[in-house]
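Commentary on secondary and tertiary structure
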Amino acid sequence: GQQVMQIPQYQHVQEGEDFTTYCNSSTTLSNIQWYKQRPGGHPVFLIQLVKSGEVKKQKRLTFQFGEAKKNSSLHITATQTTDVGTYFCAGPSGGSYIPTFGRGTSLIVHP
Amino acid sequence: EAQVTQNPRYLITVTGKKLTVTCSQNMNHEYMSWYRQDPGLGLRQIYYSMNVEVTDKGDVPEGYKVSRKEKRNFPLILESPSPNQTSLYFCASSPRTIQETQYFGPGTRLLVL
């Protein structure tokens, strides 16, 4: 079945440093979604990418979808303590209605 | 306010005692689903529903039941809970399909003794 690998599992950064998490799927994804979960909270939708090679930006966050639609990345520029949380990617492959979530990358920002 | 609500938020129970976790959304969404979240395993889908009276298994359906009698409600039923069902459960909804934004409820933390 489809597998979605997300690395790294944890990332410690100093406030102001950049951060990147990577998502790789064993199968082609029809789209990919990114979610953020704050400690003790619930996943909150950030963005969806659909097109091959798509790049979207939200302030300091840059999201990319690979050309083969099998990988994606989230890059945060100049992290802030408010960026703390776990970032998940998720995507259904083909016509599947079962989304596969990556295991998430937990970002810890040290002031 | 558009939201997904779950009840209870916290529950401690004993093995074998049937329980129901309710989920309700006020956004007229067609698609609803249940996930469990365990440390290091991310979110795994238990069941989903495309619309009223239409439900299907996700990745980890064993030991769970669901029903979708009304569009807004999607309860999760554990007929005979076991300790391996101790987890954090999230309900989610989206307008039509999984390929649209999912809105998650606040979560239900379940401990089965």
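The structure displayed is predicted, hence computed values, not measured ones. (Residues numbered from 1 in each chain as written. Chains lettered and ligands numbered in written order. Predicted model: local features only at pLDDT ≥ 70, side-chain atom pairs only at ≥ 80, totals over all residues. Heavy atoms only, no water.)

**Quick look at the interface of chain B and chain A**
Using the following cut-off: By definition, residues are in contact when any of their heavy atoms lie within 4.5 Å. Two parts placed together each lose some accessible area; with a 1.4 Å probe, that loss summed over both constitutes the buried area. Throughout this description, the term salt bridge denotes a Lys or Arg side-chain nitrogen within 4 Å of a carboxyl oxygen of Asp or Glu. Polar contacts, as used here, are pairs of N or O atoms within 3.5 Å; protein pairs need one atom able to donate a hydrogen and one able to accept it. Residues neighboring in sequence count only if both atoms are side-chain atoms. Runs of E in the DSSP output that reach at least two residues are strands. Runs of H or I that reach at least four are helices, and both are numbered from the N terminus. Under the convention adopted here, Pro, Cys and the residues Ala, Val, Leu, Ile, Met, Phe, Trp and Tyr are nonpolar, Asp, Glu, Lys and Arg are charged, and Gly plus all remaining residues are polar.
Between chain B and chain A, the residue contacts involve 23 residues of the former and 21 residues of the latter. Taken together, both faces of the contact between chain B and chain A bury some 1,800 Å²; the carbon and sulfur share is 58%. Counting every contact that joins chain B to chain A gives zero salt bridges. The interface formed by chain B and chain A contains three residue pairs in polar contact (both at pLDDT 80 or more). Those elements that provide at least two residues to the side of chain B that touches chain A are strand E4 (31-38) and strand E5 (42-51) of chain B. Of all the elements, E5 of chain B adds the most residues to the side of chain B that touches chain A, at five residues. Its residues assigned to classes, the side of chain B that touches chain A comprises ten nonpolar, ten polar and three charged.

**Structural notes on unusual backbone geometry**
A cis amide bond links Ile-7 of chain A with the next residue in sequence, Pro-8 of chain A, at an omega value of -5°. Of note, Pro-8 of chain A is situated in the loop between strand E1 (4-7) and strand E2 (10-14). That bond from Asn-7 of chain B to Pro-8 of chain B is cis: its omega, -5°, falls within 30 degrees of zero. With respect to the element layout, Pro-8 of chain B can be found in the loop between strand E1 (4-7) and strand E2 (10-13). The phi dihedral of Lys-59 of chain A is positive, around 55°, even though this residue is not glycine. Along the chain, Lys-59 of chain A turns up in the loop between strand E6 (55-58) and strand E7 (61-65). Backbone geometry places Lys-69 of chain A, a non-glycine residue, at a positive phi of 55°.

**Considerations on the environment of Glu-17 of chain A**
All names here are of chain A. Here is the rule: Summary of the burial criterion: residues with accessible area below 20% of their type's maximum are buried, those above 50% are exposed, and those between are partly exposed, where the area comes from a 1.4 Å probe applied to protein chains only.
Looking at where Glu-17 falls in the secondary structure, it is placed in the loop between E2 and strand E3 (19-25). Classification of Glu-17 by relative accessible area gives partly exposed; the value is 39%. On a C-alpha basis, the gap between Glu-17 and Ile-76 in space is 8.7 Å, while along the polypeptide they are 59 residues apart. In this structure Glu-17 touches Ile-76, Ala-78 and Thr-79, once residues within four positions along its chain are discounted.

Treat this as a map of the structure, not an account of what it does.
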